[in-house]
Structure formats: structure tokens, C-alpha cells
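# Understanding the architecture of this molecule
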Amino acid sequence: MELFLFQEKAASQIASRFAAYSANPLMVDRTTIVPFVQTLVSITGSGKTLILADTLSQLRNQLPINPIVLWISKGRVVVSQAYANLSSGKYAPNISGFNVKPLLESTPGDIEDADIPLLLVATSGKFSVEDEKGTERKVFQAQLDLASDSLWNLIKSRRTANNIRRPLIVIYDEGHNLSDLQARRLLELAPDGLISASATSSVPDRLEYTLSRLRADRNWSDADFTTAVASRDVVDAALVKERIALGGYVTPMETAVDALLADMVEVRTSASKLSVPFRPKAIYVCSTNTVDGVPIAEDVKRPYTERQARPILIWRHLVETAKIDPAKIVIYSQIKFSKDFPAPKDMIVLAGGDNDYTSFIQGQYEHIIFNLSLQEGWDDPTCSFAYIDKEMASTRQITQVIGRVLRQPGAEHYADPTLNTAHFYIRSDERGTFDAILGEIRKELVSEHPAVELTIKKQPGGRILEKLLPDPARTVPTIGIHSVHAKEPIDQIVSTMLDFRDGGANTIGQGSRMLLLQEIGVGVEANYEWIDVEHSNRVTARSIFRRELQRLYSGALRRAGGPINLVDIELPKFDALIELTSQAADHVRKIAHQVVDAYISHSRIFQNDFDPPYAVGPVLVDNASAETFSRALHHSYSGFNDLELRFARALDKTQRAWVRNPKGGGFHIPLLSLGGTTTFWPDFLVWVDKTVVAIDTKGDHLLHEASASKLFDIDTLGEPAKVTLRLVSEGKAEARAGNQIAKVGKSGFTVWSWKNGKLHAAHAENERAVTKLALQLT
């Protein structure tokens, strides 16, 4: 699976930090390294598993001997998903060459074989015990038919046939579950690296000694222990939904569920009109056997029509009142029934057994009733709606459920914003308690998901966000990249790439270093010594080339476009095996850089009149903070910053038709820029006769990075340009030689345009003047 640039950067940062530390690690004693510690902090849906997989691939390439990786997590669902995806699923190509196995299926031969990197997957329960002697855990028992020692001790020693200790990397997915006991057990293995991943940065107390050594002896700060992924990058990549709509209901359950179902019908209608490849689903989170005022033992003895257990009440409302097909509903919890009063035949109940999760995934259910046991590890991007019952209404529980529903289906933001929204309906019995919970939820979401728009509605009745259709309908020509003329120069560049398949000195790295522990002698006479190794594992030239393309040009590896589309990546010379620090690797990186330069230089951004134009779509508006307009295609908008609001008010007075352009699902322009963003979403679109003026308002601090890449002439196929770009900044500024920008005053505004290949600035004293300048076509 191809990585986004932010994912590759995160993986590369962890790998480079590990390599730098491994060259000169701290020691606990003569044979034990103080492990490298790193936490990947990234929101749910950002692709943490993919980032970790790429990290392992880079680590393996850097190491002089193939490592053993212990990939663990607390939940069976998380572990089973990881194993499926890493062994033969979507992430398997990212760790090509690894032997992926469940921990208990590994053999002494797997551990001794240094020719193949080994990845072992397990739940933390496999080793989380205080006393290994009194436990029946298989990992602590000797496999007498295979070895005289336990698997746990074999991993501790992890000796190859040459008595060299293989590097051990521990990956802990959902790292907030790492306990003191688990940390103590893992440190017994003397790992070379301990890497965890979570939406929040937290470590158990048992790791404090390790952290204090790194702080004291290496001057590490908190930032050195953390690789953080910006949530804005995740939203911009369309991996998660753009907004959260959260409604509070101090009402009966039925009222909140009915509101959910009504909104769900509307969103499904929008999905059908746009022919998107998914059908939105809903989850209902509640306690399993809790009832109000009646002992559960008594409730079980009742006919199901008299039961008060919440999963049953929700199921009955969906089936009997909402008339939903029972085959589309599943209760995933250990709901109890008596022999005298069994569940209805058409009620599907999965209790969470070994085979139930597989049945659940294969069932393609559209309405899922569950308690928190399904929450961690399970996620379905098509799940856009969630009802959360009062018993679940703690801040942490709710935000964890929200994380499960944030993933965006298809990794694409759609023209209808309701398809880019996670809808939540939270029910409680007490207004005061509920208001406090909502306040805490807002704090946590702003902290953990700052780039995701949040709307909270506390009163029942009406929708959390109102959907507005454009009136009248308007279109904008599609903008694309024409790269045909880049093909020939790219072919010429690739033809100059040397063929290193025969090996040689240029394929061997220089200067890389890592210490490996080697056992000398046998038994009581055995001794250990550290040996210096200066070479790394070899990788294909293709892998180095592709990684460099991605680093230089975001989206470069997507087959729908980008430089990779113009390179014959299957040429035999890309099969050459070379070390990362070799001169050959530097040569391949140089070729990749030249390819990207040629792609940018010889491609052009053009108006594509052959494809259907972009049609302005609906927007979602928070009526509590919305402002109305008379000339906009939507009668109101919400969520402006100060500069955007002032400019929108001024635009509305020009008597021109205009629209606020939503980022992610609106009109966009591809960019040809090295190392930066490759998509531009202007803030406003204004129709001036037959021309559309795309305007972006930027604060002064963003002007320098935005102007040169976003202000350019759009080529057309013989017709006059129909799309013109403008940038508006606060204050007075000037364009100087080399397209440099100088701020010369604080008053008014500056309108930026691109004329005759040069950046042009025009000053305006007020909002009326700035809109007039921005809409001038000559």
C-alpha cells in the first residue's frame, strides 16, 4: 500500500532516530542495551499500522542482520486484524520478505535463521503474568519436541547459527494499554527498540528508569520520545471525516434513535445520488445486561417482549417501529437469555467467541448493537452514525467510540458534506451531568482531533447541522495536469541510471554502524563480546527510487497521476540490490530527483474542458453560528475565521454570485510544487461574466508559502481562460525581484495575482476596494 507523505515522514523519523541511537546505545550492563523508546502519536484513522509497517521495513534495511519483531496488543481483535493485514493482506507488500507468524507458532529454526526477518504477532495476555513458573502460558513452557528451553527464553537469547544475537524490536499497537507488568516482561527480553502507537502519548511507570537514563545521559526531551502526526495532515489526506456532529438528548432512547435514523435516510439518499461505493451504517453503544430498577437475574426470566436490557430494547425499536429488516441488525455482546424465554429466531446475537468476529465481519450488518468490548480494534469506514447510551456516557468512553467512527470511506471527501461527517447521538437522563460531559468531550476532541470540525447541539428537535443546496446551480471548469511532454525527458533521465545488478564496491554502504552481541564459547565457558558492523541489509533500487519520489513530490506514487506514471518501474535494473548508504543508493536518489524536476518543468496545469465540470454541491451549516447572505449560492455559512468573514461580507455587496468553497470536497486545483502540498482549495469562487475567480484569503504568516505556488496562469486548449486565481492578505506588501515578498505596512489589504510570469501586488484600503481589485480580470 502506498504511503502518504506524512506517513512516510513519520516512519522515516522513527527509523532514523533508531539508527542514530543504535550506533552508540546506552548500556544497562555488559550485555544489555537500554532500549530505544519511541511513541507514535497519531489519531485513529491515520494509518498507524501502515506507518509502523513501513518503519519496520526501513529498520530492517538499516540493520546489519535481519531482526525479530514482536508485534503485540491487548485486544484479540486488534491482533487478529494486524496478523491478517501483515501476513497476506493490504500491508504485506510493505514488509516484503518478513516471515509473519503467530507467536506460539514460531520455532527455534525461525529464531536462528538470520536470513529472513521474523515478525511474531501476539496479544499481551500471552506473557502478562507475575510468575512464569506457576503459569500454564505456553510461551513459558519448553517445546520438548523442538527445544529444551521455552519460547520466551529463546527470544531472550535469539541466537543465530553463528551465535550472534539478532536485534529485537517490540511494537505495541494501541500503546495506551501498555501496563507496568507488560513493560516489565518486555524489558526482560532486552529489546533493542520499544515502539508504541496510540492516539495519546502515555507510558507506564515501569519504563521511567529507561526514560530517565535517556534524558540524563543523552539529554533527550519529551519531543525526542515522540513522533507526532498532525491531525490536519490526516484530514487533508481524506483518511478521516472532516467534521463531527454531536447531539445531546435528555430524552427517551427512542427519540434519539429516531433522529439518527432520519438523518441516516438523508445521507443514504445522498450516497445513492453520487453513486459512492458504500452504504452508510450505524452503531448503537450500550451496556449489555444493565436494566433500570430490576435485577438482571429477574429480567432474564421474562419473555423478550418484557425485557428491559438495552440491546433488546434498541433491537425491538429498530425492528418493530422503524421496520428495519432483522437480517441487517446484529447484537454483538453477551446478552443473556433463559431456556424458557429464548431470543427470537430472527434476532442475530454474536457473543464475541473465537469465530464470532469472523461471522460479524462477513455478515455486512448495517445496524450494530454492542458494548465497549467491540470498540477497540474494530472499525468500519462506512460507519457514519453512532447512538451512545447513558451508561456509556463517560468522557473517555465516548471519545474512544468517536475514534472508531472517524475513518473516511474510500479515503476521499465527497461533494456532499454529510458523507464526510461523523454523526453522534448521546442520550442521558440528567441535564446537569450531561452538560458537564459534553464540555469534557469538547476539550478532549479539540486536543486529540484539532483539525476535525466539531459541532455540538444540546437541544432535541431539528438537525445538528443543516444541509443547504446551492441555488442556483453553478459549475466550474475542471483543472488538471497535462504531463505528456514530460515523458520523453523522464525516459532520457531514467536511461542514464546505472545498472548495479552485478554488485561491486559502489553497492556497499559506508559509515553505517551498529553493535551486535556475539557469544564466544559454549556453556560455562561462554563469553560475550560486541562486534562492530558497518553494513546494512540490501534493498532494491526500485524501493529507494520510489521512496525518494514520494519524499520529493507528495502523491508521486499514485498511478492516477504523478511522476511514477511516466517511469517504467519494472525495468530490470531497478531489481539491483544495494545498501542504503552506498554510492549506488545516492545515484538512484539523484535520478529520482531529476525525474521529479523534469515532471514539474515539463508538465502544465490546464483547464480540462473534456471532463465534466465541477458542480457546486451542498454545504453543512451550524445555525447557531451561521451568517446569512443575499448573493451567495447557499443562503448562509458558518465557521469563518475573522478575515474570511470580513471578505465574505464584502463579496456579498458586489452583487456577484459567489460561493464559499469547502476544503476537501469542493473545487480544487492540482499544484506542481517540490516537497509541498500538491492540491489547492481556494476559499471562495466568484462568477464574473464567463470567468470564475478563485480567491484564497491568507493571514500574513501564510503568504510566503502560499503565493508563489498558488498564483499562476492556467493554460487552456485554445480557449480564453475561464478560471483566474487571486490571493488576498492583510496589510500592505510588495512583490520584489525573484518573486520575494516584503511587508511594508499594516493597513488595508493586498491583492496578489500572476501577470506575465511575475508576482503582482495591488494595495486596497478597505474591504470594498479589495473585492473590487480581486474581481478585476485585466
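Owing to the predicted nature of the structure, the values given are computational and were not obtained by experimental measurement.

Reading the values: rules and limits
Residues numbered from 1 in each chain as written. Predicted model: local features only at pLDDT ≥ 70, side-chain atom pairs only at ≥ 80, totals over all residues. Heavy atoms only, no water. Axes fitted to C-alpha atoms, helices over the stretch in contact; angles between N-to-C directions. Helix = DSSP H or I, 4+ residues; strand = E, 2+ residues; numbered from the N terminus. Parallel < 35°, antiparallel > 145°, perpendicular 65-115°, else oblique. Contact = heavy atoms within 4.5 Å. Nonpolar A, V, L, I, M, F, W, Y, C, P; charged D, E, K, R; others polar. Core = buried A, V, L, I, M, F, W, Y, C linked by side-chain atoms within 4.5 Å. Buried < 20%, exposed > 50% of the residue type's maximum accessible area, 1.4 Å probe, protein only. Salt bridge = Lys/Arg side-chain N within 4 Å of Asp/Glu carboxyl O. Expected span 1.5 Å × (residues − 1).

This part takes up the packing of helix 18 (residues 642-652) against helix 20 (residues 767-774). Contact geometry of helix 18 with helix 20 gives a least axis separation of 9 Å together with a crossing angle of 70 degrees. Judged by the inter-axis angle, helix 18 sits roughly perpendicular to helix 20. Across from R646, F647, A650 and L651 in helix 18, the residues of helix 20 making contact are E767, V770, T771 and A774. Grouping the constituent residues of the contact of helix 18 with helix 20 by class yields 5 nonpolar, 1 polar and 2 charged.

The biggest cluster of nonpolar side chains holds 79 residues, and the ones touching the most others in it are L119, I283 and F424. Examining the composition of this core, we find that 7 residues originate from one element, helix 1 (residues 5-22), more than from any other. Discounting chain neighbours no more than four positions away, the residues touching F424 are I244, A245, L246, G247, A386, I388, V401, I402, V405 and I464. Grouped together as the second largest cluster of nonpolar side chains are 44 residues, I479, Y637, I669 and L725 included.

Glancing now at the pattern of salt bridges. Applying the stated criterion across every chain, the model contains 33 salt bridges. Across the pair R646 and D642 runs a salt bridge, and its minimum N-O distance is 3.2 Å. In this pair, R646 and D642 are both assigned in helix 18, 4 residues apart and thus about one turn of the helix distant. It is possible to trace a salt-bridge network through shared partners that takes in D642, R646, E730 and E767.

Spanning 12 residues, helix 3 (residues 76-87) covers 16 Å between terminal C-alpha atoms, matching the ideal 16 Å at 1.5 Å per step. For helix 3, the set of buried residues is V77, V78, V79, A82 and L86. The elements touched by buried residues of helix 3 are helix 2 (48-62), strand 4 (68-73), strand 5 (99-102), strand 6 (118-123), strand 7 (168-173) and helix 12 (356-363).

Next up on the list: the environment of M1. One can find M1 in the segment before helix 1. Spatially, the C-alpha atoms of M1 and Y91 are 6.1 Å apart, while their sequence positions differ by 90 residues. Sequence-distant contacts of M1, that is, excluding residues within four places in its chain, are made with L50, K90, Y91 and N94.

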